[in-house]
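Each chain, letter by letter, is given below.
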Amino acid sequence: MAEIKLATEVRTEFGKGAARRIRRANQVPGVVYGHGAEPVHVTLPGHDLLLALRTPNVLIGLEIDGKDALVIPKAVQRNAIKGDIEHVDLLTVKRGEKVNVEVAVHAEGDLAPGANLLEFVMNTLLVEAEATHIPESVTVSVAGLDAGASVLAKDIPLPSGSVLAEDPEAVVLAVVAAQSESASDEDAAEGEEA
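Each chain has its residues counted from 1, running along the sequence as written. Thresholds applied to this predicted model are a pLDDT of at least 70 for local features of residues and 80 or more for the giving and counting of side-chain atom pairs; totals over whole chains, interfaces and linings are not thresholded and use all residues. Derived side-chain values reflect all non-hydrogen atoms in the structure, with water molecules and hydrogen atoms excluded from consideration.

Participant: So what exactly am I meant to see when it comes to the overall build of the protein chain here?
Facilitator: Labels follow the DSSP assignment, with helices taken as runs of H or I lasting at least four residues and strands as runs of E lasting at least two, numbered in each case from the N terminus. For the protein chain, the helix and strand inventory stands at 3 helices and 14 strands. Within these notes, the globule rule equals 2.2 Å times the number of residues to the 0.38 power, and the radius of gyration is based on C-alpha atoms. For the protein chain, the C-alpha radius of gyration of 22 Å lies well beyond 16 Å, the compact-globule estimate for 194 residues. Burial classes: relative accessible area under 20% of the type maximum marks a residue as buried, over 50% as exposed, and values in between as partly exposed (1.4 Å probe, protein chains only). With 194 residues in all, the protein chain has 34% of them scored as buried. A 1.4 Å probe and the Shrake-Rupley method give the accessible areas. Residues count as covered only by the protein chains that appear here. Of the roughly 11400 Å² of accessible surface on the protein chain, a fraction of 49% belongs to carbon and sulfur atoms. Across the protein chain, the mean location of the 16 positive side-chain charges is 18 Å away from that of the 31 negative side-chain charges. Counting rule for charge: Lys and Arg are taken as positive, Asp and Glu as negative, and neither His nor the chain ends is counted. A charge is said to be at NZ when it belongs to Lys, at CZ for Arg, at CG for Asp and at CD for Glu.

Participant: Honestly, the sheet that holds strand 3 (residues 27-34) in this entry has me stumped. Any pointers?
Facilitator: Strand-to-strand pairing in sheets goes through backbone hydrogen bonds, with the strands running parallel or antiparallel. Strands sit in the order 1-5-6-7-3-4-2 across an open sheet of 7 strands; the sheet is mixed. The open sheet has two edge strands with one neighbour each: strand 1 (3-6) and strand 2 (9-10). Its contacts with the sheet put helix 1 (residues 16-24) on strand 3, strand 4 (37-45) and strand 7 (85-93), and the angle it makes with strand 3 is roughly 120 degrees. Two strands qualify as a pair provided that DSSP identifies no fewer than 2 bridges between them. Residue contacts follow a heavy-atom distance rule, with two residues in contact if any of their heavy atoms lie within 4.5 Å. Angles here are taken between N-to-C directions and fall from 0 to 180 degrees, while the axes themselves are lines fitted to C-alpha atoms, restricted in helices to the stretch in contact.

Participant: Would you mind showing me how to read a positive patch on the surface here?
Facilitator: Taken together, the side chains of Lys16, Arg20, Arg23 and Arg24 present a region of like positive charge at the surface. Here Arg20 is to be found in helix 1. Each patch is built from residues that are more than 30% exposed by relative accessible area and take part in no salt bridge. Like charges join if they lie within 9 Å; nonpolar side chains (Val, Leu, Ile, Met, Phe, Trp, Tyr) join within 5 Å. By convention in these notes, a salt bridge is any Lys or Arg side-chain nitrogen within 4 Å of a carboxyl oxygen on Asp or Glu.

Participant: Would you explain the sheet that holds strand 10 (residues 124-130) in this entry?
Facilitator: Within the open sheet, the 4 strands sit side by side as 11-8-10-13. Their pairing is mixed. Of all the strands in the sheet, the pair left with one neighbour each is strand 11 (137-141) and strand 13 (163-164). Of the strand pairs in this sheet, strand 10 and strand 13 are connected by 2 bridges, and their pairing is antiparallel. The residue bridging Glu128 from the neighbouring strand is Val163, located in strand 13.

Participant: I tried to follow the environment of Gly46 on my own but got confused; where do I start?
Facilitator: Inspection of the secondary structure puts Gly46 in helix 2 (residues 46-52). Judged by its relative accessible area of 11%, Gly46 falls in the buried class. In sequence terms Gly46 and Gln27 are 19 residues apart; their C-alpha atoms lie 4.3 Å from each other. Look past the residues within four positions of Gly46 in its chain and what remains in contact with it is Asn26, Gln27 and Val28.

Participant: What should I look at first to understand unusual backbone geometry in this one?
Facilitator: Across the chain, the bulk of peptide bonds are trans and the bulk of non-glycine residues have phi less than zero. At Asn26, a position not held by glycine, the phi torsion is positive, near 60 degrees. Mapping Asn26 onto the fold places it in the loop between helix 1 and strand 3.

Participant: Would you explain the pairing of strand 6 (residues 67-78) in this entry?
Facilitator: On a regular strand, each side chain points to the face opposite its neighbour's, so the side chains alternate between the two faces of the sheet. Where strand 5 (residues 59-64) lies against strand 6, 5 bridges are found, and the strand directions are antiparallel. In the strand pairing of strand 6, Gly61 is matched with Leu70. A loop of 2 residues connects strand 5 with strand 6, the two strands running antiparallel in sequence, and Asp65 in this loop sits at a positive phi of about 50 degrees. The pairing of strand 6 with strand 7 spans 8 bridges and is antiparallel. Directly across from Leu70, in strand 7, lies its bridge partner Val93. What sits between strand 6 and strand 7 in their antiparallel hairpin is a turn of 6 residues, with Gly83 showing a positive phi close to 85 degrees.

Participant: I would appreciate a short explanation of the environment of Gly109 in the present structure.
Facilitator: Among the structural elements, Gly109 can be located in the loop between strand 8 (98-108) and strand 9 (116-120). On the accessibility criterion, Gly109 (52% relative accessible area) is exposed. Considered as a pair, Gly109 and Ser141 are 32 residues apart in the sequence and their alpha carbons are 5.7 Å apart. What Gly109 contacts, discounting residues up to four positions off in sequence, is Val142 and Ala143.

Participant: Please clarify how the side chain of Thr132 should be interpreted in this entry.
Facilitator: Along the polypeptide, Thr132 turns up in the loop between strand 10 and strand 11. We call two N or O atoms a polar contact when they sit within 3.5 Å, provided that within protein one can donate a hydrogen and the other can accept it, with sequence-adjacent residues counted only if both atoms are side-chain atoms. Of note is the side chain of Thr132, whose polar atom sits 2.9 Å from the side chain of Glu130. At a separation of 3.1 Å, a polar atom in the side chain of Thr132 contacts the side chain of His133.

None of this, on its own, says anything about what the molecule does.
Listed below in structure tokens is the structure:
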């Protein structure tokens, strides 16, 4: 995973008014915390941060008061209408340190013939990985699975260096039979009669 460098300034103003001024300047207020250190309030470049956060579990290099810090995004608050980033919480990590992160689950392959649907019970999987080697996603094959089959967390192959931090018996994917149209037509006819 590539490390993305972002310019950072330490924030001294707090509150709604200060946050609005920061956002008007196309910047994002944030907090850097972790490893028992005092939280540091920072300002990050808005556009560069938006681009960086397109990569899941991105590793970000910051320079805070002349010191380098390696962080991962922990919480991102977005504007509900515009989608702009309003605030970001960043967790300090060290090279070689293990962290728990959610990784996207992707399915590949075709289900068994028939009218079956693939249901994602969980879209992400909690894994423990080294901070500098966090996988972007995990892929599981659903080829040939028939209705009633399910894929458990322990059945998903993880990249080397990653360990499952989720309940191994948790259902991640399930194959369900599609409802037949004749059954839904009968239900609709019964509703009209009542």
